[in-house]
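One-letter residues, chain by chain:
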Amino acid sequence: MPGRQHALTRRAVIAGAVGLAGGCSAPRPGRARAELLSAPPRPHTVLAALDLPGSGRQGVAGALRRLAERTESAAAGVETAVALGASLFDRAGLAALRPRQLAAMPSFPGDVLDPRRCHGDVLVQVGADTAEEAAREAEAIADDLGVRWRMSGFREAARVDAGRPVATNLFGFVEGHGNPAGAEVVRVGDRQGEPAWAIGGSYLVVRVIQFATELWNRDTEAEQERIIGRRRDGTWLDGRPAGAEPGYAADPHGRRTPLDAHVRRANPRDGSVAPLARRGYSFRGRDEQGLLFTAYQKDLASGFEAVQRRLAGERLGRYTLTVGGGYFFVPPRAGTTSWVEPLLG
Ligand code: HEM
């Protein structure tokens, strides 16, 4: 599609701020950190992926402990969390403790991944009320620990609808209504064969998705709504309220909600989908804008990977391009130091 090619490939793929100079920062007094998927999410976030200095268990242990102490003692009012990438377990000689499905994120059909914006030993997430505060805190926590890539994102403050945190993305559509209520369903349980230290944690998928907003805005609102499968405000196309279940059973041929609409492909409501909790943050850079897509689940294969496969070739794909991201594992109580010793033994 020439329009799409033009709109997306001309965008410079900017490497995240690699190798930023960083000063040393001692842990500072603060409040205890947020829980997994605390609601509502903070309006500003920084995702910083690190390749930790050092190797072997001892080498990596020092950096991990420092990181966990800093996240635990970040400034009051700031939320922090740490998630671990597959490469960490290799670098630290901890392969036996790697969550079973944790690997480097593969490239999916249509992706144009820039390795300088993918993966990382560790992902640090910092949430705050202002962009400046989030950036400052991320720098203090992470900058001397080998930043591989970094992105800043934003969403509306404290907006909750039908019990779910929601936010309008840069395509003008509200996201969040289809999420499960609460975090319990996305936590690793004790019967999944995962290492003991990982129980209560969650797999985190990050996707850096560029939006071709000019191309998108050339379509009518009605067409956009058929591509997504909901109205801009989240209401279903048959008029049901945003928080209700969709009426797919009464619409088997897709007359109201097309069978290839994003939401219908993502979750046909036939019971086959493991819950996926999505948290989107918009981003705007010099040559690009889009969505920092983050999704939590207890099982990657039946969570993100199954949904992503179902979305292959969807109409929405004409307007988006995934250029980065990674697979990570969020330990239980990820903003504290309590997960470190069970992992490092
Ligand atoms: C490419 C950019 C994307 C945009 C603009 C987008 C937008 C939306 C919107 C507007 C909704 C409806 C509101 C809601 O339930 O949150 C939605 C639902 C959903 N999206 Fe996306 N999305 C994108 C990417 C993805 C990706 C990469 C996945 C997973 C692989 C995904 C999975 C889902 C799921 C599971 C739902 C809920 C469906 C339901 O339960 O009814 N989306 N998305």
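Above this text sits the structure in question.
Just so it is clear, the structure is predicted and the values come from calculations on it, not from any experiment.

Visitor: Please explain the coordination of the iron atom of the ligand as it appears in this structure.
Guide: In an ideal octahedron of six donors the angles at the metal are 90 or 180 degrees, and in an ideal tetrahedron of four donors they are 109.5 degrees. No other protein atom reaches the iron atom of the ligand as a donor apart from His-262 (NE2), found 2.1 Å away. Turning to its location among the elements, His-262 is positioned in helix α7 (residues 262-266).

Visitor: Even after reading the chapter, I still don't get the site of the ligand, so can you show me in this structure?
Guide: Neighbouring residues of the ligand: 28 residues in total, closest Gly-176, Gly-178, His-262, Arg-269 and Arg-278. A distance of 3.0 Å is found between an oxygen atom of the ligand and a side-chain nitrogen or oxygen belonging to Asn-267. Contributing elements (two or more residues each) for the shell around the ligand: β8 (174-175), β9 (202-211), α7, β11 (289-297) and α8 (301-311). For the shell around the ligand, the leading source of residues is α8, giving four residues. Tallied by class, the residues present in the shell around the ligand amount to 16 nonpolar, eight polar and four charged.

Visitor: Where do I start with the side chain of Glu-314 in this structure?
Guide: Inspection of the secondary structure puts Glu-314 in the loop between α8 and β12 (320-330). Buried and unpaired, Glu-314 has Arg-265 as its nearest opposite-charge partner, separated by 6.2 Å. Once residues within four sequence positions are removed from consideration, Glu-314 is found in contact with His-262 and Arg-265.

Visitor: Help me understand the side chain of Asn-179, please; the structure alone is not making it clear to me.
Guide: The residue Asn-179 is located in the loop between β8 and β9 in this model. For Asn-179, a relative accessible area of 8% translates into the label buried. What Asn-179 contacts, discounting residues up to four positions off in sequence, is Arg-164, Leu-276, Ala-277 and Arg-278.

Visitor: Just checking my understanding: could you explain helix α2 (residues 56-72) for this structure?
Guide: Given 3.6 residues to a turn, an α-helix orients residues that are three or four positions apart in the same direction. Taking 1.5 Å of rise per residue, the 17 residues of α2 would be expected to cover 24 Å, and the 24 Å separating its terminal C-alpha atoms lies within 8% of that figure. Among the residues of α2, Val-60, Ala-61, Ala-63, Leu-64, Leu-67, Ala-68, Arg-70 and Thr-71 are the ones counted as buried. Among the structural elements, β1 (44-50), β2 (79-84), α3 (86-91), β3 (122-128), α4 (131-142) and α9 (340-344) are those in contact with the buried residues of α2.

Visitor: Would you mind going over the environment of Arg-265 with me for this structure?
Guide: With respect to the helices and strands, the residue Arg-265 is situated in helix α7. Remark: the alpha-carbon pair of Arg-265 and Arg-309, spanning 44 residues in sequence, is separated by 9.6 Å. Discounting residues that sit within four places of it in the chain, Arg-265 has contacts with Leu-259, Asp-260, Arg-310, Leu-311, Ala-312, Gly-313 and Glu-314. Here the side chain of Arg-265 touches Ala-312 through a polar contact of 2.7 Å, landing on its backbone oxygen.

How each quantity is defined
- Residues numbered from 1 in each chain as written.
- Predicted model: local features only at pLDDT ≥ 70, side-chain atom pairs only at ≥ 80, totals over all residues.
- Heavy atoms only, no water.
- Donors = N, O, S within 2.8 Å, 3.2 Å for Na, K, Ca; no water.
- Helix = DSSP H or I, 4+ residues; strand = E, 2+ residues; numbered from the N terminus.
- Near = heavy atom within 4 Å.
- Polar contact = N/O pair within 3.5 Å; in protein donor to acceptor, adjacent residues only side chain to side chain.
- Nonpolar A, V, L, I, M, F, W, Y, C, P; charged D, E, K, R; others polar.
- Buried < 20%, exposed > 50% of the residue type's maximum accessible area, 1.4 Å probe, protein only.
- Lys, Arg positive; Asp, Glu negative; His and termini not counted.
- Salt bridge = Lys/Arg side-chain N within 4 Å of Asp/Glu carboxyl O.
- Contact = heavy atoms within 4.5 Å.
- Expected span 1.5 Å × (residues − 1).

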